[in-house]
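# Report on the structure
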Amino acid sequence: MLDDNDRDEVLALLDADPVANVFVASRVRTVGLAPSRLGGQMWGYGPRGGLTSLCYAGANMVPVNASRDAVHAFADRARKQGRRCSSIVGPAGAVEQLWERLEPHWGSARAVRWAQPVMATGSAPAVEPDPLVRRVRPEEFGILLPACVAMFTEEVGVSPDNGDGGALYRSRVAELIRIGRSYARIEDGQVVFKAEIGAVTPQACQIQGVWVHPEMRGRGHAAAGMAAVVEQALKYFAPLVTLYVNDFNLPARAAYRRVGFQEVDTFMSVLF
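Below: a short report on this structure. Only a predicted model underlies this, so the values are computations on that prediction, with no experimental measurement involved.

Of the residues making up helix α9 (residues 250–259), those classed as buried are A252, R253, A255, Y256 and V259. Taken down its axis, α9 places every buried residue within 160° of arc, on the same side. In α9, those exposed residues whose orientation departs by more than 90 degrees from the buried face are L250 and P251. For α9, the secondary structure elements touched by its buried residues are β5 (111–121), β9 (205–212), α8 (221–236), β10 (241–244) and β11 (262–271). Capping the start of α9 is the job of one residue whose side-chain oxygen sits 3.3 Å from the backbone nitrogen of A252: N249. Following α9 by one or two positions, G260 adopts a phi angle in the positive range, close to 130°.

In this section: the packing of helix α4 (residues 68–81) against helix α5 (residues 92–106). Packing of α4 against α5 brings their axes to within 9 Å, and their N-to-C directions diverge by 30°. Classified by the angle between their axes, α4 and α5 sit roughly parallel to one another. Every pair of crossing elements has a handedness; the one defined by α4 and α5 is right-handed. Contact residues: R68, V71, H72, F74, A75, A78 and R79 in α4; A94, Q97, L98, R101, L102, H105 and W106 in α5. Taken together, the residues of the contact of α4 with α5 break down into eight nonpolar, three polar and three charged.

Note on placement: L98 falls in helix α5. Spatially, the C-alpha atom of L98 lies 32 Å from that of A255, the residues being 157 residues apart in sequence. With residues near it in sequence (within four places) discarded, L98 still touches M61, P63, V71, F74, A75 and I88.

Let's shift gears to the pattern of salt bridges. Under the definition given, this model contains 16 salt bridges. E155 is the partner of R113 in a salt bridge, and the nearest nitrogen-oxygen pair spans 3.7 Å. In this pair, R113 is assigned in strand β5 and E155 in helix α6 (residues 141–156), connecting sequence segments 42 residues apart. Classification of R113 as buried rests on a relative accessible area of 14%. Assessed through its relative accessible area of 35%, E155 is described here as partly exposed. The residue K194 makes a salt bridge to E196 at a minimum N-O spacing of 2.8 Å. There is no split in this pair, since K194 and E196 are both buried. When salt bridges with common partners are traced through the structure, they connect R134, R137, E139 and E140 into a single cluster.

The rules behind each value
Residues numbered from 1 in each chain as written. Predicted model: local features only at pLDDT ≥ 70, side-chain atom pairs only at ≥ 80, totals over all residues. Heavy atoms only, no water. Buried < 20%, exposed > 50% of the residue type's maximum accessible area, 1.4 Å probe, protein only. Helix = DSSP H or I, 4+ residues; strand = E, 2+ residues; numbered from the N terminus. Arc of directions from axis to C-beta. Contact = heavy atoms within 4.5 Å. Polar contact = N/O pair within 3.5 Å; in protein donor to acceptor, adjacent residues only side chain to side chain. Axes fitted to C-alpha atoms, helices over the stretch in contact; angles between N-to-C directions. Parallel < 35°, antiparallel > 145°, perpendicular 65-115°, else oblique. Left-handed = near helix turned anticlockwise from the far one by under 90°. Nonpolar A, V, L, I, M, F, W, Y, C, P; charged D, E, K, R; others polar. Salt bridge = Lys/Arg side-chain N within 4 Å of Asp/Glu carboxyl O.

Spelled out as structure tokens, the structure:
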């Protein structure tokens, strides 16, 4: 298990692939490696001074640059510790190997998303940004929250209100609004389009939570809204903008391609 003494070496490994590792790198840069602040543990594979692989083991389990030997070591530690995460997510090859070794011990998953294209862009959007998409204001939390809950439930298959009654989820929504990373088009007190910039490093940022009101779909709001968010992300946050999407979500993938995103990798998610 790694700690703040390993921070420089961990960041060097994470920064070698800033798109794939944006979530973990953002966490480490923000809070460091102490488990009490990180919200989990960071496991390293290889000697100190020669780390080759990492695994973030928190609410999500995320392998980083994980070789087959590293995957076996991470899976063995996770098996002995017992499941503490709500998902395993990351590069498809490593996640599939992890799940092969953990499923006999952890039991069936609620859902497995075998192929989730990772998309990225570093260019100005190729379509006209929606001028009505803007940062959400703190006083609009009550307007945004139902849209966030609807997005999460539609995407993940369960409500974020399960477990703790949604307290942690509401806190995260409020935090993204407070720090200026929540964007939406709001008309007559209703969210038409929304998205958040969930992870940020000096090299890349990751868009998440993209949602269009069901009654407004098919009208170009996704592409124009995403163009507006990409424009803001490139201006204020990082030179690369990334996201990942389910392979079966063909309308979303098409909208992202229209904006200028290209597929650069493939993730896999195991959801519990």
